[in-house]
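Chains, contacts and geometry: an overview
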Amino acid sequence: MAAAVAQKRADWGVTIAPVAHAAGLGFIPRAEEHYDFALVSARKHRPAVQAFLQALQLAQVRDALGKAGFRPA
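Description of the structure in this document.

Calculation criteria
Residues numbered from 1 in each chain as written. Predicted model: local features only at pLDDT ≥ 70, side-chain atom pairs only at ≥ 80, totals over all residues. Heavy atoms only, no water. Helix = DSSP H or I, 4+ residues; strand = E, 2+ residues; numbered from the N terminus. Rg over C-alpha atoms; globule rule 2.2 N^0.38 Å. Buried < 20%, exposed > 50% of the residue type's maximum accessible area, 1.4 Å probe, protein only. Contact = heavy atoms within 4.5 Å. Areas by Shrake-Rupley, 256 points an atom, 1.4 Å probe, with all protein chains shown as cover. Lys, Arg positive; Asp, Glu negative; His and termini not counted. Charge placed at Lys NZ, Arg CZ, Asp CG, Glu CD. Salt bridge = Lys/Arg side-chain N within 4 Å of Asp/Glu carboxyl O. Patch = residues over 30% accessible without salt bridge, like charges linked within 9 Å, V, L, I, M, F, W, Y side chains within 5 Å. Phe/Tyr/Trp six-rings, centres within 6.5 Å; stacked < 30°, edge-to-face > 60°.

**What about the overall build of the protein?**
- Tallying secondary structure elements over the protein gives four helices and zero strands in all.
- Each helix (α) and strand (β) of the protein, taken in turn from the N terminus, gives the series α-α-α-α.
- Compactness check: the protein gives a C-alpha radius of gyration of 16 Å against a globular reference of 11 Å for 73 residues, more than 25% above the reference.
- Once the C-alpha set of the protein is aligned to its principal axes, its extents read approximately 45 × 25 × 25 Å.
- Counting across all 73 residues of the protein, residues that qualify as buried make up 12%.
- The contacts of the protein with a sequence gap of at least 6 include a subset with a gap of at least 24, amounting to 10%.
- Carbon and sulfur atoms form 58% of the exposed surface of the protein, whose accessible area is close to 6,300 Å².
- Here the protein holds 9 positive side-chain charges and 5 negative ones, and the gap between their average locations is 8 Å.

Written as structure tokens, this is what we have:
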């Protein structure tokens with residue numbers, strides 16, 4: 001939706017704040033946004049899952065997420 005508005009193919013739409021901000025668009029919040037990550041516990045030892053979980057612990061990743069508008073619960 002943000003791409004359509006940014007490209008003038010739509011006048012407005014509903015998206016999440018980080019996407020709107022990344023596209024340089026205005027944003028009017030409709031409700032508090034919450035994001036959760038879920039995984040099948042049997043797959044938690046897979047390399048991709050471990051890399052993702054480790055990345056979330058890195059200060060630079062947490063800083064980048066914060067600058068994008070995400071904050072921990």
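So much for the structure itself; the text now carries on.
**What about the pattern of salt bridges?**
- The final tally for this structure, using the stated rule, is one salt bridge.
- The partner of Arg71 in a salt bridge is Glu32, with the nearest N and O atoms 2.6 Å apart. Taken together, the positions of Arg71 in the segment after helix H4 (59-67) and Glu32 in the loop between helix H2 (17-22) and helix H3 (47-57) put the pair 39 residues apart, joining distant regions of the chain.

**Things to note about a nonpolar patch on the surface**
- Side chains of Ile16, Val19, Tyr35, Leu65 and Phe70 sit close together on the surface and give an oily, nonpolar patch of about 370 Å² of accessible area.
- Counting through the fold element by element, Ile16 comes out in the loop between helix H1 (2-6) and H2.

**A closer look at the packing of aromatic side chains**
- Applying the stated criterion across every chain, the model contains two aromatic pairs.
- Seen from their ring centres, Tyr35 and Phe70 are 5.3 Å apart, and the 65° between their planes marks the pair as edge-to-face. With Tyr35 in the loop between H2 and H3 and Phe70 in the segment after H4, this residue pair connects regions lying 35 residues apart in the sequence.
- Pairing Phe37 with Phe52 gives two aromatic rings, centres 4.9 Å apart and planes at 75°, and the pair type is edge-to-face. Separated by 15 residues along the polypeptide, Phe37 in the loop between H2 and H3 and Phe52 in helix H3 bring together distant segments of the chain.

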